[in-house]
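What follows is the residue order along each chain.
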Amino acid sequence: MTRKTILVIIGAAVAGIILAIGIYRFYFLSVSYHDTITEGVAFPVAIYRLDKGYPLIIAENRDDALYALGLVHAQDRLQQMEFLRSLATGNSVQYGLSQYERIDRMVKAIGLPLKAKALLSELSPQYIQALQQYVRGINTYIFKIKHAGKNKIQWDALDIVSISLFLEFCNAFVSNSELFFPVEDKDFSLLNRELTNKKIVCSYKQQDYSVIKEIKQLQQLVASIFGMYGSYCRGFAVAIPPRMMYTDAATLCSSYEHSVSIYPLIYPVNFQVGGKVIEGYTYAGLPYVVAGKTNAFRYASFSLLADSQLLCKYQTQMRNNVLFYNSPLGYKELQCQQDSQCMTRLTDSGPVISDAFEHNLKDAIVAIAFVSPSKGYIESMIDIAFASSINDVVQIAQKYKGQPRVFVVQDDTRAYQIVAGNSMPDNETSVLVSPDKAILAKNPPFIFEMRQSDMCIAGSEFVEKPSPTLQRVMTFNNTGRLSSLYHELSQYSEMQYRDIEKILFSDTYPDAREYLIIINNLLDKMPITSAKLAKVYFRDWDLTMKSVQVAPTLFNAMIAALIQETFADELPYAVDDIVRHYVIFEPEFLRIFKEDKSLYFDDITTLEKTESRDMIFDRAFLHSLKFFNYTIGPYIDEWKWGKVHNATINHLDSGSLVKNVMGKNKAIAFDGCNTTVYRALSGETNFMVDTATVCCFYMDKTIHRASVSTGITSNTASHYYSEFIAKDSFMDINLSKRNELFLIKPLKEAQKQ
């Protein structure tokens, strides 16, 4: 066979593969946004697609609107929703996701399926109807439009409740303050003395090391999906008063962030329901409009990083093949709740989470007490977007029960910061609380705080001027990021729309200036060329964390190495936690670095001499250079921030042949850092991005502009599909620019015809 013949055969084969992919894509994966169907709605429903495919749902009532929302969610994000459902119901292994088998065990161990059933039974008929309409829309797409096979499982209202409980639990579990910096009892007193924020460090007994390790492994598995601090409703909002806007119009701006381990769940959608217009933001798989604007007000809501879980270790005894645990009232038999798919063992304080551990504990169990959404959660999350006034929003927030949530609400004359939910009692200093204290957590107290202000600034990680009660409830108050936001707002006495965009996209890290004053002095004392070169980069640095700059790379590498050198000798088992949660530890470390008094600066492994901060810095600087020498190369000019500060987005799309053959995930470089307004959070020494800003918007009574990093759909076969973009340009949300029409006719109307 000649070379020419071989090339012809290869060419024909490639052409055939491309043709087959095209046919497969067109006939089996294509998405139609222009159609007419007859279904169980009360009145005709129209779904238009706006620019970028954002849906506009026109309906006569809320239930019909939620039906359409379920349909468009499934049309654009079905694979994500199935992924969520498989995790939330403890069935991921059945969906072929064996890597999450421990999450299945955790979901069943803590009794989420049983809690979901109980909660669904408590809902009043109108809210059950709302959930059912939403899942009917999902099922319509799956079975009547997509024509899924018989092996596909229908969605029901229980699935929605399960996802709600699961996402809130995961948010709380990964941001559990007892697990940020757990240290052994022998190391606790020194670290506690060094820190001013006593909440962020807890202790445990040496014999409990295996327990802490199991809990943290489970926590890190959850974080591998949803990010270090969770992805559901994480972000912030600023209610800007009319006096600060050149338009004299009150304006709400907001930013939401999400783990980059999976394609972000946030989903913009617009409604016209009766005479009410809602321009909102939802999460795929849930019927809640978590942020948006209506004819009467604007709002954004966030799941607060709050202490809402406690862990308790009980000693156990086996008596006549029955397991007993040592409660405050003496040994008691474990209670069991079960149905056909789930069995949960219960103590006085809560379910036995150690049933999800990789290894069984000897003569002990660990229970977890946690805040979980109640019917007030479901009701308020559904109702808020359909409220008639800002006063109605306040009343709706008052019935919210569950993981603490912060609402920033604004109309043309007022702005409110509202925090509502349930919290756990203070855990003091132990990772594992005593059984006496754990029992107190069975009925977590309700908190409701409302503050009216000219300008409100609040979010999942920070609240402006928190009360003592709120300070107790919050895991931590991210003052670093709040100061970055203050810094940006202070640049303007009167803002135009483009100024808001600059603020939301700001990657300036003003607190770096305090470090640099000391760092530059220390670099002056180092007689090596690399130190002089680093100082040149810092001299020209404008404190922005841009992916094309070298200074951010040098700066972050020095800080990470400095932490390693400072704590690795005394706390070798905890130093990775300090680096991983540097966003929490940063205010403490900056103070320690500036004061230069800490005992941790002395390396206990070198008994013949006493080290100082300056000596530790010298070692840290050299070690930070070695890392990039090996990973990037010897030329500092090439050490761009984006080369290490990046991430690969996993799309979780249809899993199609097209994706497998043609789609390759690319590393995306990110601006920003942990505490910049535009966020790109990294939690490892390699600076890979864990969580990033994915949606920014601002709105007043006439304008709504948004930047969303994702396309409206994760289905690569849709003509609205687009790759993830770290910072997409802002665009007008214009409800008059209507494209394809998907019409849903009522069954009754069709029967009359």
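Here the structure is a predicted model, which is why all the values come from computation and not from measurement.

J.: Is there a simple way to think about the confidence of the model for the protein chain in this case?
T.: Low-pLDDT stretches of the model should not have their predicted coordinates read in fine detail. The pLDDT averaged across the protein chain works out to 89; a share of 92% of its residues lies at or above 70. Predicted confidence is poor over residues 23-28, with pLDDT under 50, and the contacts of this stretch with residues over four places away or in other chains come to nine contacts. Under a pLDDT of 50 for its full length, residues 653-664 has, in the predicted model, 25 contacts with residues more than four places off or in other chains.

J.: What exactly am I supposed to notice about the sheet that holds strand β3 (residues 55-59) here?
T.: In a beta sheet, neighbouring strands are held together by backbone hydrogen bonds and run either parallel or antiparallel to one another. On the basis of which strands lie adjacent, the open sheet formed by eleven strands has the order β1-β29-β2-β3-β8-β9-β10-β11-β18-β19-β21 and mixed pairing. This sheet does not close on itself; its edge strands, each paired only once, are β1 (35-39) and β21 (446-452). Neighbour-to-neighbour, the strand axes of this sheet turn through a mean angle of 20°, independent of strand direction. One ladder, built from seven bridges, connects strand β19 (residues 415-422) with β21; its direction is antiparallel. Of the residues in β21, the one forming a bridge with Ala420 is Phe448. Against the sheet, helix α2 (residues 62-88) touches β1, β2 (45-49), β3, β8 (266-273), β9 (276-283) and β29 (741-746), its axis set at about 150° to β8.

J.: Hey, could you run me through helix α3 (residues 101-109) in this one?
T.: Since the α-helix turns once every 3.6 residues, residues separated by three or four places project in the same direction. Listing the buried residues of α3 in full gives Arg102, Ile103, Asp104, Met106, Val107 and Ala109. Buried positions along α3 lie against α2, α4 (112-122), α6 (157-174), α8 (209-226) and β16 (343-346). Following α3 by one or two positions, Gly111 has its phi on the positive side, about 75°.

J.: Help me understand the environment of Ala284 in this model?
T.: Here Ala284 shows up in the loop between β9 and β10 (289-293). Taking the relative accessible area as the measure of exposure, Ala284 reaches 1% and is therefore buried. Remark: the alpha-carbon pair of Ala284 and Gln80, spanning 204 residues in sequence, is separated by 7.4 Å. Residue contacts for Ala284: discarding those within four places in its chain leaves His73, Arg77, Gln80, Met81, Leu84, Leu265 and Tyr267.

J.: Sorry, what's going on with the nonpolar core here?
T.: Soluble globular proteins tend to pack their nonpolar side chains together in the buried interior. Membership of the largest hydrophobic core comes to 186 residues, with the highest contact counts inside it found for Ile57, Ile103, Phe166, Phe226, Tyr232, Tyr256 and Phe670. Top element by residues in this core is α2. It accounts for 14 residues.

J.: Can you walk me through the packing of helix α5 (residues 125-145) against helix α9 (residues 375-383) in this structure?
T.: Between two packed helices, what matters for the description is the angle formed by their axes and the separation of those axes. One way to put it is that α5 packs onto α9 with a least axis distance of 11 Å and a crossing angle of 65°. In this structure, the crossing between α5 and α9 has a hand that is left-handed. Note on element contacts: α9 touches α5 through Ile378, Glu379, Ile382 and Asp383, opposite Tyr127, Ala130 and Leu131. Broken down by class, the residue content of the contact of α5 with α9 amounts to five nonpolar, no polar and two charged.

J.: In this structure, what is going on with α5? I would like to understand it.
T.: The end-to-end C-alpha distance of α5 is 28 Å, a good match for the 30 Å that 21 residues give at a rise of 1.5 Å each. The largest bend along α5 reaches roughly 25° and is located at Asn139. Those residues of α5 that fall on the buried side of the exposure criterion are Tyr127, Ala130, Leu131, Gln133, Tyr134, Val135, Gly137, Ile138, Asn139, Thr140, Tyr141 and Ile142. At its buried positions, α5 is contacted by β1, α2, α4, α6 and α9. Within two residues after α5, His147 carries a phi angle of roughly 60°, on the positive side.

J.: Is there a simple way to explain the packing of aromatic side chains in this structure?
T.: Given two aromatic rings, one states the distance between the centres and the angle between the planes to describe the pair. Inspection of the entire model under this criterion finds 38 aromatic pairs. Here Phe589 and Phe593 contribute two aromatic rings whose centre-to-centre distance is 6.2 Å and whose plane-to-plane angle is 15°, an arrangement assigned as stacked. With Phe589 and Phe593 both in helix α19 (residues 582-595), this residue pair falls four residues apart, about one helical turn. Judged by its relative accessible area of 0%, Phe589 is buried. Residue classification places Phe593 among the buried positions, given a relative accessible area of 0%. On the numbers, 6.3 Å between centres and 15° between planes, the contact of Phe628 with Phe687 is stacked.

What counts and what doesn't
Each residue is numbered by its place in its chain's sequence as written, counting from 1. For a predicted model such as this one, the threshold for reporting local features is a pLDDT of at least 70, and the threshold for listing and counting side-chain atom pairs is 80 or more; totals across whole chains, interfaces and linings nevertheless cover every residue. As a rule here, side-chain values come from all non-hydrogen atoms in the structure, and water together with hydrogens is ignored. Confidence scores labelled pLDDT are given residue by residue by the predictor and lie between 0 and 100. The contact rule is simple, with two residues in contact once any of their heavy atoms fall within 4.5 Å. Two strands form a pair only when DSSP identifies at least two bridges running between them. Runs of H or I in DSSP of at least four residues are treated as helices and runs of E of at least two as strands, each being numbered from the N terminus. Inter-axis angles, ranging from 0 to 180 degrees, are taken between N-to-C directions of lines fitted to C-alpha atoms, where helices are fitted over the stretch in contact. Three exposure classes are used, based on accessible area relative to the maximum for each residue type with a 1.4 Å probe and protein chains only: buried under 20%, partly exposed in between, and exposed over 50%. What makes a nonpolar core is a set of buried Ala, Val, Leu, Ile, Met, Phe, Trp, Tyr and Cys residues whose side-chain atoms join them at distances within 4.5 Å. A crossing counts as left-handed when the near helix is turned anticlockwise from the far one by less than a right angle, and as right-handed when that turn is clockwise. Each residue gets one of three labels, nonpolar for Ala, Val, Leu, Ile, Met, Phe, Trp, Tyr, Cys and Pro, charged for Asp, Glu, Lys and Arg, and polar for the others, Gly among them. Expected span, for any helix, means 1.5 Å times one less than how many residues it has. In this analysis the local bend is the angle between axes fitted, respectively, to the seven residues ending at and the seven residues starting at the residue. Centre distance within 6.5 Å is the pairing criterion for rings of Phe, Tyr and Trp, where only the six-membered ring of Trp is used; planes under 30 degrees apart are then read as stacked, over 60 as edge-to-face, and the remainder as tilted.

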